[in-house]
Each structure stands twice: as C-alpha cells, then as structure tokens.
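# An overview of the molecular structure
Residues per chain are reported as follows:
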Amino acid sequence: AGEPFLPGISIGHNDAIAFGLTRFYMDQEDLYVYETNPDRPDEYRYQGRWEPMTIVTERIEVRGEAPRDVTLAFTRHGPILVRDAASRRAFALRAAWLDEGMAPYFGSIEYMRARNWDQFTAAMNRWGAPGENQVYADTQGNIGWVPGGLTVIRPNWDGLTPVPGDGRYEWAGYRDMDELPRAFNPTAGYVMTANEANIPPDHPAAAKGVGYEWSDAFRATRLHELLGASDPHRLDDSRAYQLDTLSIPARRVTAMLAGLTDDRPGVARALDLLRGWDHHMRPDSTAAAIFEVWYSAHLRKAVVQAVLPAGAAARVGNGDSTRVLQVLDGHEGWLTPERRARVLVDSLAAALHDLSRTLGSDESTWRWGALHQAIFEHPLGARVDTEARRRLTVDAGPIGGSAVTPMATSYRASDYHLTAGASFRMVADVGRWDASVAINTPGQSGDPASPHYRDLAPLWAQGQYIPLPYSKAAVDKATRTRLTLVPE
C-alpha cells in the first residue's frame, strides 16, 4: 500500500523484508507572522529592512469557462496563507516537507528495495516527511522499529506558537536521524506502534522538542497487553489484534461504578449493564452505545465543568481524554468521591436521554453500530446531483471500535459516523509470503462504474481479509482481469 498520489510502496514487503508504518508526530511546521509595508503590501519586514515577497501567477484552465489567473505569494520561509490588510500582517507556513528536494513519502522508493536491517535503516535515515514509525521484520527472524523524519532544530523557541518572521526565529537545520531512538530485536520479543508518544523518557531525544501532539496511549496500552501475552505469535493473532475493540477508557470508567446507585430506573439499569460489560466496542453492543455516547459527549464535559470555572470550561470543552481520566482517578484531588459519584450518574442520565432521542425509547434495541456507521462520502458528493452522489457514496454499514481501540475508527462528534481509521490492513506471513492477507476500503478501483469500486467495503467493516498473493504462480492463479497499456 501507499499514498495514492505519491510514488513508492510505504507499507508492504519484498521477498526478504516486511514493513509497516504509523505516524510519528514530529513537529515539522512553523507559522510565521510578518509586518507588511504600508506602501508596498508585497513587502515584509525582515532583519530591519523591507524584503519583497516572491509573486507567482498560475493560470488555471476551467472547463466551459475562461481561464483564471491566481496569484501566489511566498516569503523566504514559505507560502503566504493569509493576509490581514487592516493590521498590516501576513502569515506564512514553513514546513520541512516544502524544502527544496523534498517529496513526502518518496523515501519509500529506497527502503522498499532493502534486503536487511542495515539497508532499511540507511534508507530511513534519508526519510524526510511526514514523520513516521516503521516496524520491520525479515526472513532471517529479525524485527525492528525505526522512526524517521526531518527533525527541526529551533535554537530559541519550542515551535508551539506562531513567531515573528523578522529574522529572530530561524531554523538551524535538521537533527541527524541517528539522534532518534530505534530498536532491533528487543528483549520484549515484539515491536509495536500506534501513533503514541513512544520516545523513551530516558532517551536524549525526549528533551529535544521532537513533537508535542501524539495520539492517546490507549491503543498502545491494549496492544502491549495482547502482544505481551501471546507466545508463540501466529498469523491469526495479528488479525485479531488489528480488529481488537477493547476500550481502555471504558474499562477504567466502569471500574468506578462499583457500589454506585441511582433512583432513576433507566440509570440503574444502565449502571448494571455497564458493570457487566466486557468493554468491547462491538457494533451489536448496547453497552458500547451507552458508554461511548456517555463518555464522549457527556461525562468528559461534565468533569471539565465540575473542576473549572465556567469561562475556562467553555474554552476547554470536552477536555483531553487522558487528563479527564486522571481527574476521575483522583489525581491532585480535583474531585471528592461524593462529587465524582454525582458527576458520573448525572452525566449518564443525560446520555440516556440523548440516546432515547436518537435511537428511540426502547433501550433494548440500542446498538453501537446503529450510530457508528462507515459511510464513505466522495469529495465531489456535494457538487453533483442525487443520482451521481448515490453512485459515488459507499455505505459499508455498522462498524465497531472507536478512536481509542486497536481497531481505530474515529468518528464525527455530531452523528458518530466514521471519519478516520485503518483504511488498509495487512498481515504479512514473513517468508511464506503467499499466506499473507490484506484488506482495503472501499474497493480496488476508483471508478464508480467498476464492480470493484465498493466490493471490499463490507468485508473491511466486518473485519474480514482477502489473500495477498506474491509469487508469480499465486498471482497468476488469482488474476481475474489483465489490463494492457499500449503506447500510441
């Protein structure tokens, strides 16, 4: 697999090694703010003088209309994103992936040809953007983990806020890739990444501002539990781990319900149901529907409102999930046990009312999959007629998981419809390549008229896989259609 618009295979295998990635969220961007010249708006102040922007005019051909000319402006740091004429300010983006000679994901052209760990890490040392984790396995029995990406050196600021573009805040190049951590045949016997903050706290890179915004560690925590308990590890185990729907927040929150009571019958029944639940976000689960609506839309907000002044609470909204759980666990004494109990049951009552309006008054019919739907809306869907929109849209139906389960399925807060997840899953049987399996969604074709445009979506949503043949004999046996391209 790879990015559709970029060259190279970034997740896959050759006949010697297998490799797969998640994002390694290094900070590769800065927003610069400029003072512009009141007499010449295309000039900005830099080191005490006015410096001209570079102006580029692009002509865009428009079908059925006259061409349109678009003017783009660039500073020494990057493209101008916004201008504010009233305040004489302009804003530009500097990004590692916009540097000369850079092409995101282009590094995969090199590592997909590697034959061993040394060749693979040498290729990763030249990876530019975006920041990524690569996990590795080879036919000699070796495994490894190596992150890669251009790590910005900021001598006098941390990169967390916009800075003046007047020359006082300049990048001092990039760090050597060898300064990032890596692992080869670790004693744990496995390597795993899930977008979490995985720089070891005692590693020198931990203090160098590599990145600040990582995914919550819940998926990683669950995967460590699963991988640490499996010996030996089999192909079916990897499939099960990719599809695992256990929610760590659900397990932690429901543990707080022991001994809680409430006079409201609906709340009492929900408490009993949640206490007996196995914490898996299955699409046919009533408890999963109750928990996710409660936790995501009501409990987190209620915790924030219970510990912060009204103005601050409004700005924070639902709060960071990890921090909310810390407050509920009693860290720093933000909530007394009595106050916590009241926050839990009252927010649960609000969630039940919300579910009644959405799924009806009969709680026995509530299902997580009735809310959590995998519907793929085409980018052009809003610009075409109803029939064309129907052909472009792919409805894969109910799906399990959530943003915090190993089967990552993030959703839109307004209706719980899927917005992000693992669109491609692969389990490589290293050395027995024809036994490997994979799945992608919504299909193998981008043509809405093709029978393969949406054929894999329901299999993907249901956690199924298809064979991933590799040898010529296996590929020939599986082939259904051949496309021959002939030059004119």
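Anything mentioned here points back to the structure above.
Residues numbered from 1 in each chain as written. Predicted model: local features only at pLDDT ≥ 70, side-chain atom pairs only at ≥ 80, totals over all residues. Heavy atoms only, no water.

In this section: the overall build of the protein chain. Helix and strand counts for the protein chain stand at 14 helices and 20 strands. Against the 2.2 N^0.38 benchmark of 23 Å for 488 residues, the protein chain shows a C-alpha radius of gyration of 26 Å, consistent with a compact globule. If you line up the protein chain on its principal axes, its C-alpha atoms span 70 × 65 × 60 Å. When each of the 488 residues of the protein chain is scored for burial, the buried share is 42%. (Helix = DSSP H or I, 4+ residues; strand = E, 2+ residues; numbered from the N terminus. Rg over C-alpha atoms; globule rule 2.2 N^0.38 Å. Buried < 20%, exposed > 50% of the residue type's maximum accessible area, 1.4 Å probe, protein only.)

Here the bond from Ala129 into Pro130 is cis, since omega is -10°, no more than 30 degrees from zero. With respect to the helices and strands, the residue Pro130 is situated in the loop between α2 (117–124) and β10 (132–138). That bond from Thr441 to Pro442 is cis: its omega, 5°, falls within 30 degrees of zero. Note on placement: Pro442 falls in the loop between β19 (437–440) and α13 (457–461). Phi is positive for Gln47, which is not a glycine, with a value near 50°. Within the fold, Gln47 resides in the loop between β4 (43–46) and β5 (49–52). By relative accessible area, which is 55% here, Gln47 ends up exposed. Despite not being glycine, Tyr105 shows a phi value in the positive range, around 70°.

Attention now moves to the pairing of strand β17 (residues 418–421). Relative to β17, strand β16 (residues 409–411) runs antiparallel, the two sharing three bridges. If you follow Thr409 over to β17, its bridge partner there is Gly421. Two successive antiparallel strands, β16 and β17, enclose a turn made up of six residues, where Tyr416 displays a positive phi of approximately 70°. (Pairing = 2+ DSSP bridges.)

Within α2 the residues assigned to the buried category are Trp117, Phe120, Thr121, Ala123 and Met124. Along the axis of α2, the buried positions cluster into a sector of 155°, meaning they face one direction only. On its buried side, α2 packs onto β2 (17–23), α1 (108–111), β10, β11 (143–148) and β13 (183–184). Measuring from the side-chain oxygen of the N-cap residue of α2 to the backbone nitrogen of Asp118 gives 3.2 Å; that N-cap residue is Asn116. (Arc of directions from axis to C-beta. Contact = heavy atoms within 4.5 Å. Polar contact = N/O pair within 3.5 Å; in protein donor to acceptor, adjacent residues only side chain to side chain.)

Turning our eyes to something else, we now look at the pattern of salt bridges. Under the definition given, this model contains 33 salt bridges. Asp346 serves as the salt-bridge partner of Arg342, at 3.0 Å between the closest nitrogen and oxygen. Within this pair, Arg342 and its partner Asp346 are both found in helix α10 (residues 337–359), separated by four residues, close to a single helical turn. Residue Asp346 is classed as partly exposed on the basis of its relative accessible area, which comes to 34%. In this structure, Arg412 engages Asp415 in a salt bridge whose closest nitrogen and oxygen atoms are separated by 2.8 Å. Its relative accessible area of 32% is what places Arg412 among the partly exposed residues. The class for Asp415 is partly exposed, based on a relative accessible area of 24%. (Salt bridge = Lys/Arg side-chain N within 4 Å of Asp/Glu carboxyl O.)

Leu274, Trp294, Leu299, Leu328, Leu344 and Leu348 are the most contacted members of the largest nonpolar core, which totals 47 residues. Broken down by secondary-structure element, the contributors of at least two residues to this core are α5 (248–255), α6 (265–275), α7 (286–307), α9 (321–328), α10 and α11 (368–371). Considering every element that reaches this core, the biggest residue donor is α7, with 13 residues. Beyond its immediate sequence surroundings of up to four residues, Leu344 is in contact with Val253, Met256, Leu257, Leu260, Trp294, Leu299 and Leu328. (Core = buried A, V, L, I, M, F, W, Y, C linked by side-chain atoms within 4.5 Å.)

The next subject is the sheet that holds β13. The antiparallel open sheet is built from five strands, whose spatial order is β1-β2-β10-β11-β13. What marks the edges here is a single partner per strand, and that holds for β1 (12–13) and β13. Relative to β2, β1 runs antiparallel, the two sharing two bridges. Bridging across to β2, His13 finds its partner in Ala18. Against the sheet, α2 contacts β2, β10, β11 and β13, and its axis sits at roughly 10° relative to β11. (Axes fitted to C-alpha atoms, helices over the stretch in contact; angles between N-to-C directions.)

Our next topic: the environment of Thr336. Structurally, Thr336 is set in the loop between α9 and α10. Overall, the relative accessible area of 42% leaves Thr336 in the partly exposed class.

So, about α6. Every buried residue belonging to α6 is among Val267, Ala270, Leu271 and Leu274, and all of these are buried. Down the axis, α6 shows its buried residues gathered within 105° of arc, on one side only. Opposite the buried face of α6, by more than 90 degrees, sit the exposed residues Pro265 and Asp272. Each element contacted by the buried residues of α6 is listed here: α5, α7 and α10.

Glancing now at the environment of Val210. Examined against the element boundaries, Val210 turns out to sit in the loop between β13 and α3 (218–229). Residue Val210 is classed as buried on the basis of its relative accessible area of 4%. Those residues in contact with Val210 that sit more than four places away from it in its chain are Phe24, Tyr25, Met26, Asp27, Thr151, Leu180, Ile199 and Ala205.

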